[in-house]
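The chain contents come next:
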Amino acid sequence: TQLLEQSPQFLSIQEGENLTVYCNSSSVFSSLQWYRQEPGEGPVLLVTVVTGGEVKKLKRLTFQFGDARKDSSLHITAAQTGDTGLYLCAGRYNFNKFYFGSGTKLNVKP
Amino acid sequence: EAGVAQSPRYKIIEKRQSVAFWCNPISGHATLYWYQQILGQGPKLLIQFQNNGVVDDSQLPKDRFSAERLKGVDSTLKIQPAKLEDSAVYLCASSPLPGLGDDNEQFFGPGTRLTVL
């Protein structure tokens, strides 16, 4: 059973465009993490959001956690080719357990 | 600081054969995870250890998969016998024990890509 739905599944945009990726669930998580994974490598943590309504910024990336802690979004401003990769959200539940979403594959064209 | 090490990086076997993967976590990390990532999907947790004890193995197909973490350090994951649907990347991750905050990061290895023919 997939507890975390990510959308869109695939996204191909030109460099300089903006985009938003969504992560939705019917379950409440104690926190939510966003990872980026490049081909042949393991996922790397970008950010953790903990409080409902929390907004975190990491340079051109803005992360938001929904008020009810069931959903999150990642917004990228002025995308660059280096942003290309698989973006994964992971919800934390119980003690140190994580459930990953299906991922959004982003391709930024020069 | 060295990252999470995994070997081999690639493995090709025929169905019904056996295979084993090895993981060496970051020194001092108490929690170790094994994930299966099928092409086009997110990682699925197979088993979670804390030190040398199993915390969660509810999604591990125990009729063919086994894992151990001797002495609470490195770990091996075995598949015997392999099926076609086991073709995937097997990721190992480790994390320190969570503190008072909720910001626990998992550090992933590069994964082992398994192809079952």
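Here the residue index of a chain counts from 1 through its sequence in written order. Labels are handed out in written order, letters beginning with A for the chains and numbers beginning with 1 for the ligands. For a predicted model such as this one, the threshold for reporting local features is a pLDDT of at least 70, and the threshold for listing and counting side-chain atom pairs is 80 or more; totals across whole chains, interfaces and linings nevertheless cover every residue. Calculation of side-chain values draws on the structure's entire complement of heavy atoms; hydrogens and water are dropped beforehand.

K.L.:
Mind showing me how you'd approach the state of the cysteines here?
P.N.:
Joining two cysteines, a disulfide is a covalent bond between their sulfur atoms. Cysteine sulfur atoms that pair up within 2.5 Å are treated as a disulfide. Inspection of every chain in the model, using the stated rule, returns 2 disulfides over all chains. Sulfur-sulfur distance for the disulfide between A:C23 and A:C89 comes to 2.1 Å. In this structure, the disulfide formed by A:C23 and A:C89 twists by about 80 degrees around the S-S bond and is classed as right-handed. Here A:C23 is found in strand β3 (residues 19–24), whereas its partner A:C89 is found in strand β9 (residues 85–93), with 66 residues between them in sequence. Side by side, A:C23 and A:C89 carry an identical accessibility label, which is buried. At a sulfur-sulfur separation of 1.9 Å, the disulfide partner of B:C23 is B:C92. Sign of the S-S torsion, about -65 degrees for the bond between B:C23 and B:C92, identifies this disulfide as left-handed. Of this pair, B:C23 sits in strand β3 (residues 19–24) while B:C92 sits in strand β9 (residues 88–95), placing them 69 residues apart in sequence. Secondary structure elements follow DSSP: runs of H or I no shorter than four residues count as helices, runs of E no shorter than two count as strands, and numbering proceeds from the N terminus. Any residue under 20% of the maximum accessible area for its type is buried, any over 50% is exposed, and the rest in between are partly exposed; the area is computed with a 1.4 Å probe on protein chains only.

K.L.:
Help me out: how do you make sense of the pattern of salt bridges in this one?
P.N.:
Two side chains of opposite charge can pair, provided their charged atoms sit close to one another. Salt bridge, as used here: a side-chain nitrogen of Lys or Arg that lies within 4 Å of a carboxyl oxygen of Asp or Glu. Within this structure, the stated rule accounts for 5 salt bridges over all chains. Linking A:R36 and A:E38 is a salt bridge whose minimum nitrogen-to-oxygen distance equals 3.4 Å. Taking the relative accessible area as the measure of exposure, A:E38 reaches 33% and is therefore partly exposed. Across the salt bridge formed by B:D57 and B:K62, the nearest N and O atoms sit 3.8 Å from each other. Residue class for B:D57 comes out partly exposed when judged on its relative accessible area of 27%.

K.L.:
What is the right way to look at the interface of chain A and chain B in this model?
P.N.:
The accessible area lost on association of the parts is a frequent measure of interface size. Chain A puts 22 residues into the contact, and the matching count from chain B is 25 residues. Defined here as a combined quantity, buried area equals the accessible surface (1.4 Å probe) lost by two parts on assembly, summed across both. Summed over both sides, the interface of chain A with chain B buries roughly 1900 Å², with 46% coming from carbon and sulfur. Here chain A is connected to chain B by 0 salt bridges. A 3.5 Å cut-off defines polar contacts: any pair of N or O atoms within that distance qualifies, except that in protein one atom must be a possible hydrogen donor and the other a possible acceptor, and neighbouring residues in sequence count only when both atoms are side-chain atoms. On inspection of chain A and its partner chain B, the count reaches 3 residue pairs in polar contact (both at pLDDT 80 or more). For the side of chain A that touches chain B, the secondary-structure elements that each account for two or more residues are β4 (31–37), β5 (44–49), β9 and β10 (97–100) of chain A. Take the side of chain A that touches chain B: its biggest share by element is 4 residues, from β4(A). Amino acids are sorted into nonpolar (Ala, Val, Leu, Ile, Met, Phe, Trp, Tyr, Cys and Pro), charged (Asp, Glu, Lys and Arg) and polar (every other residue, Gly among them). Residues of the side of chain A that touches chain B, tallied by class, amount to 9 nonpolar, 10 polar and 3 charged. In what follows, a contact means two residues having at least one pair of non-hydrogen atoms within 4.5 Å.

K.L.:
I keep staring at the nonpolar core and nothing clicks. Help me out?
P.N.:
One broad trend across soluble globular proteins is that nonpolar side chains are buried collectively. Residue and element names in this part refer to chain B. Residues belong to one nonpolar core when they are buried, are Ala, Val, Leu, Ile, Met, Phe, Trp, Tyr or Cys, and are joined through side-chain atoms within 4.5 Å. In this structure, F21, W34, L77, I79, Y90 and L114 are the most contacted members of the largest nonpolar core, which totals 21 residues. Counting residues per element, the ones that place at least two in this core are β3, β4 (31–37), β5 (44–50), β8 (75–79), β9 and β11 (112–116). Residue contacts for L114: discarding those within four places in its chain leaves K11, I13, V19, F21, I79, D86, S87, A88 and Y90.

K.L.:
Hey, could you run me through the pairing of β10(A) in this one?
P.N.:
Regular strands place side chains that alternate from one sheet face to the opposite one. Residues and elements named next belong to chain A. Residues K97 and Y99 line one face of β10 and the alternating positions F98 and F100 line the opposite face, and both faces are buried. Strand pairing is assigned whenever DSSP detects at least two bridges linking the two strands. Judged from the 4 bridges that link them, β9 and β10 form a sheet pairing that is antiparallel. By the bridge assignment, G91 is partnered in β10 with Y99.

K.L.:
For this particular structure, what's the right way to read the pairing of β5(B)?
P.N.:
Residue and element names in this part refer to chain B. With respect to burial, β5 is a largely interior element, 5 of its 7 residues being buried. The pairing of β4 with β5 spans 6 bridges and is antiparallel. Residue pairing in the sheet places L32 in a bridge with F49 of β5. Count of turn residues in the β4/β5 antiparallel hairpin: 6 residues, of which G40 carries a positive phi of about 85 degrees. In textbook terms, the turn of a hairpin is the stretch between consecutive antiparallel strands, and for β5 and strand β6 (residues 53–56) this stretch comprises 2 residues, one of which, N51, has a positive phi near 55 degrees.

K.L.:
Please explain the side chain of B:D86 as it appears in this structure.
P.N.:
All names here are of chain B. For D86, the position within the fold is in the loop between β8 and β9. Of the polar contacts made by the side chain of D86, one reaches the side chain of R64; its length is 2.5 Å. Excluding residues within four positions of it along the chain, D86 makes contact with Q36, R64, F65, I79, P81, L114 and V116.

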